[in-house]
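One letter stands for each residue in the lines below.
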Amino acid sequence: MIAGNERTNQEKVKQFLESIPAVTKHSGSRAFYTPIGDYINLPPKDTFRSMEDYYSTRLHETTHWTGHESRLKRDLANKFGTENYAFEELVAELGSAFLCSMLGVEGNLQHTEYIANWSEILKNDSRAIFKASSLAQKAADYILSFNTNTVNS
């Protein structure tokens, strides 16, 4: 559930998302960010279990969006199932968690299928969580730079 006054907070989150210059389309049944077209695709809002799930998924994909070569320049050209792909998913999930916390959104882990890959990354590199957290914080800070008033009000 969205914390605080639900209507006020939903409006705050909506305004926050609208302040971000990411192109966001709503179609199909999959959520993804594509660096080739530089846009976020999300299923229609009414297909999500709740607005919290929609917001946390949108923030996850927006965290991916920050990695584009014209922004924070993370390597986004990794194939599904690779360690580098799983690492970027960890960055995006942490970034979404940071932003959900700041915005008062009680989001859920949206990508549980990656947990085994994350565990493998963390087992192979004891510093991976620190690297991922640092990149996620940079992504969250970049996203927050578009509208700090929404978060602080």
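Worth saying up front: this structure is predicted, and the values here are computed from it rather than measured.

Chemist: What's the story with the nonpolar core in this structure? I'm lost.
Modeler: Among soluble globular proteins, nonpolar side chains are generally buried collectively. With 20 residues, the main nonpolar core has Phe16, Leu17, Ile20, Leu59 and Leu99 as its most contacted residues. Per-element accounting of this core gives the leading share, four residues, to helix 2 (residues 51-65). Excluding anything up to four places from it in sequence, Ile20 contacts Thr62, Trp65, Ile143 and Phe146. The next biggest cluster of nonpolar side chains, apart from the first, holds nine residues, and it includes Ala86, Ile121, Ala128 and Ala132.

Chemist: How do you make sense of empty space enclosed by the protein when you look at a structure like this?
Modeler: One way to see where empty space is left: roll a probe the size of a water molecule over the atoms. Throughout the structure, instances matching the rule amount to one cavity of 30 Å³ or more. The calculated volume of the largest cavity comes to roughly 40 Å³. Residue composition of the lining of the largest cavity, grouped by class: four nonpolar, two polar and one charged.

Chemist: What should I look at first to understand a nonpolar patch on the surface in this one?
Modeler: A contiguous nonpolar patch, built from Leu122, Ile129 and Phe130 and spanning about 260 Å² of accessible area, is present on the exposed surface. In this fold, Ile129 is placed in helix 5 (residues 128-144). Look at Ile129 and you get partly exposed, because its relative accessible area is 30%.

Chemist: It is not clear to me how the packing of helix 2 against helix 3 (residues 83-103) should be interpreted in this structure. Could you clarify?
Modeler: Packing of helix 2 against helix 3 leaves a shortest axis separation of 8 Å and a crossing angle of 125°. Here helix 3 runs oblique to helix 2, going by the angle between their axes. Read as a crossing pair, helix 2 and helix 3 show a hand that is right-handed. Between helix 2, through Ser56, Leu59, His60, Thr63 and His64, and helix 3, the contact on the second element is made entirely by Glu88, Glu89, Val91, Ala92, Glu93, Gly95, Ser96, Leu99, Cys100 and Leu103. Of the residues in the contact of helix 2 with helix 3, the class split is six nonpolar, six polar and three charged.

Chemist: Can you walk me through the layout of surface pockets in this structure?
Modeler: Volume-wise, the second largest pocket comes out at about 210 Å³. Lining the second largest pocket are 13 residues, with Glu83, Asn84, Phe87, Glu88 and Leu135 positioned closest to its centre. Mapped by element, the contributors of at least two residues to the lining of the second largest pocket are helix 3 and helix 5. Counting residues per element, the lining of the second largest pocket draws most heavily on helix 3, which supplies five residues. Residues belonging to the lining of the second largest pocket are distributed by class as follows: five nonpolar, two polar and six charged.

Chemist: Help me understand the sheet that holds strand 2 (residues 32-34), please; the structure alone is not making it clear to me.
Modeler: Strand pairing in a sheet is mediated by backbone hydrogen bonds. Such pairs are either parallel or antiparallel. Read from one edge of the open sheet, three strands run 1-3-2, paired in mixed fashion. Edge positions in the open sheet fall to strand 1 (24-26) and strand 2, since each of these has one partner strand only. For this sheet, the mean angle separating the axes of adjacent strands, direction not counted, is 25°. Where strand 1 and strand 3 (residues 39-42) come together, three bridges link them in parallel fashion. Paired with Thr24 across the bridge in strand 3 is Ile40. Strands in contact with helix 2 are strand 1, strand 2 and strand 3; relative to strand 3, the strand with the most contacts, it is inclined by about 155°.

Chemist: I keep staring at the side chain of His64 and nothing clicks. Help me out?
Modeler: Along the polypeptide, His64 turns up in helix 2. Residue classification places His64 among the buried residues on the basis of a relative accessible area of 6%. Beyond its immediate sequence surroundings of up to four residues, His64 is in contact with Tyr33, Arg74, Leu76, Glu88, Glu89 and Ala92.

About the criteria used
Residues numbered from 1 in each chain as written. Predicted model: local features only at pLDDT ≥ 70, side-chain atom pairs only at ≥ 80, totals over all residues. Heavy atoms only, no water. Core = buried A, V, L, I, M, F, W, Y, C linked by side-chain atoms within 4.5 Å. Buried < 20%, exposed > 50% of the residue type's maximum accessible area, 1.4 Å probe, protein only. Helix = DSSP H or I, 4+ residues; strand = E, 2+ residues; numbered from the N terminus. Contact = heavy atoms within 4.5 Å. 1 Å grid on protein atoms, 1.4 Å probe; cavity = no way out; pocket = protein on both sides within 12 Å on 5 of 7 lines; lining within 4 Å. Points joined across faces, edges and corners; volume = space filled by probe spheres on them. Nonpolar A, V, L, I, M, F, W, Y, C, P; charged D, E, K, R; others polar. Patch = residues over 30% accessible without salt bridge, like charges linked within 9 Å, V, L, I, M, F, W, Y side chains within 5 Å. Areas by Shrake-Rupley, 256 points an atom, 1.4 Å probe, with all protein chains shown as cover. Salt bridge = Lys/Arg side-chain N within 4 Å of Asp/Glu carboxyl O. Axes fitted to C-alpha atoms, helices over the stretch in contact; angles between N-to-C directions. Parallel < 35°, antiparallel > 145°, perpendicular 65-115°, else oblique. Left-handed = near helix turned anticlockwise from the far one by under 90°. Pairing = 2+ DSSP bridges.

All we've got here are geometric facts, nothing functional implied.
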